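So the chains spell out like this:
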Amino acid sequence: MNELVQQGVIGIVTGILTTVFLYVIKVVWDSKVVPFLITSRYQGVKIDGQWSGSGENNDPDQGEVFKSECSLFLIQNAHSLSGSFLFKFQNNAKEFSLDFEVSGYMWEGYVTLNFTPKDKRITSYATALLKLHDGGHTLIGTWLFRDVIQEFVNQVPLLLVRNDVK
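All values derive from a computational prediction rather than experimental measurement.

Participant: How should I be thinking about the environment of glycine 83 in this particular structure?
Facilitator: Structurally, glycine 83 can be placed in strand E3 (residues 80-91). Glycine 83 sits in the partly exposed class, given a relative accessible area of 23%. As for glycine 83 and valine 45, which are separated by 38 residues in sequence, their C-alpha atoms are 17 Å apart. Excluding anything up to four places from it in sequence, glycine 83 contacts Phe73, Phe100, Glu101 and Val102.

Participant: Even after reading the chapter, I still don't get the pattern of salt bridges, so can you show me in this structure?
Facilitator: When the charged atoms of two side chains with opposite charge come close together, those side chains can pair. If you walk through the whole model with that rule in mind, you get 5 salt bridges. Between aspartate 30 and lysine 26 there is a salt bridge, and its shortest N-O distance comes to 2.4 Å. Here lysine 26 and aspartate 30 lie together in helix H1 (residues 2-41), a separation of 4 residues that amounts to about one turn. The exposure class assigned to aspartate 30 is partly exposed, which follows from its relative accessible area of 39%. Overall, lysine 26 belongs to the partly exposed group, its relative accessible area being 48%. Lysine 46 is paired through a salt bridge with aspartate 48; the nearest N and O atoms lie 3.9 Å apart.

Participant: How do you make sense of the side chain of serine 124 when you look at a structure like this?
Facilitator: Examined against the element boundaries, serine 124 turns out to sit in the loop between strand E5 (110-117) and strand E6 (126-133). Owing to a relative accessible area of 8%, serine 124 belongs among the buried residues under this scheme. A distance of 3.0 Å separates a polar side-chain atom of serine 124 from the backbone oxygen of arginine 146. In contact with serine 124, not counting residues within four places along its chain, are Leu98, Phe100, Pro117, Phe145, Arg146 and Val148.

About the criteria used
Residues numbered from 1 in each chain as written. Predicted model: local features only at pLDDT ≥ 70, side-chain atom pairs only at ≥ 80, totals over all residues. Heavy atoms only, no water. Helix = DSSP H or I, 4+ residues; strand = E, 2+ residues; numbered from the N terminus. Buried < 20%, exposed > 50% of the residue type's maximum accessible area, 1.4 Å probe, protein only. Contact = heavy atoms within 4.5 Å. Salt bridge = Lys/Arg side-chain N within 4 Å of Asp/Glu carboxyl O. Polar contact = N/O pair within 3.5 Å; in protein donor to acceptor, adjacent residues only side chain to side chain.

What follows is the structure in structure tokens.
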């Protein structure tokens with residue numbers, strides 16, 4: 001009877017160790033090997049790095065006087081994009097900064113980005129559709145975001161210029 005219990009315990013431990021070993025191999029395969037293979041075979045344009053943009057309206061006759069600055073840092077793995085986005089806004093009534101986590105992808109010269117606030121207390125989410133221009137030095141498109149003051153989807157033109165041109 002003791003021998004049967006010992007063999008049962010050995011079988012259970014062996015099964016658990018085998019499961020853990022196979023799980024570790026799968027995690028390494030999915031997180032390291034597959035992205036490496038995709039990146040090494042990727043033949044498209046690289047847009048990773050630092051991008052920046054700004055906007056200003058100093059003419060009160062054409063609407064609100066404001067200044068805005070934005071900075072986008074992208075990490076690229078083939079078509080997949082991730083990174084961070086900092087948006088600063090200033091007008092006569094208010095001044096604020098929003099820090100976003102960015103995820104998205106690039107396909108045929110178009111970049112789709114989704115912006116989620118890093119501070120989970122903020123509910124202003126955003127999406128952008130941008131086109132690569134000027135030989136890969138400029139991203140031009142529209143930034144759509146939830147306007148939390150007026151509770152509707154607002155759209156703003158967005159022009160970003162690559163900072164780390166080599």
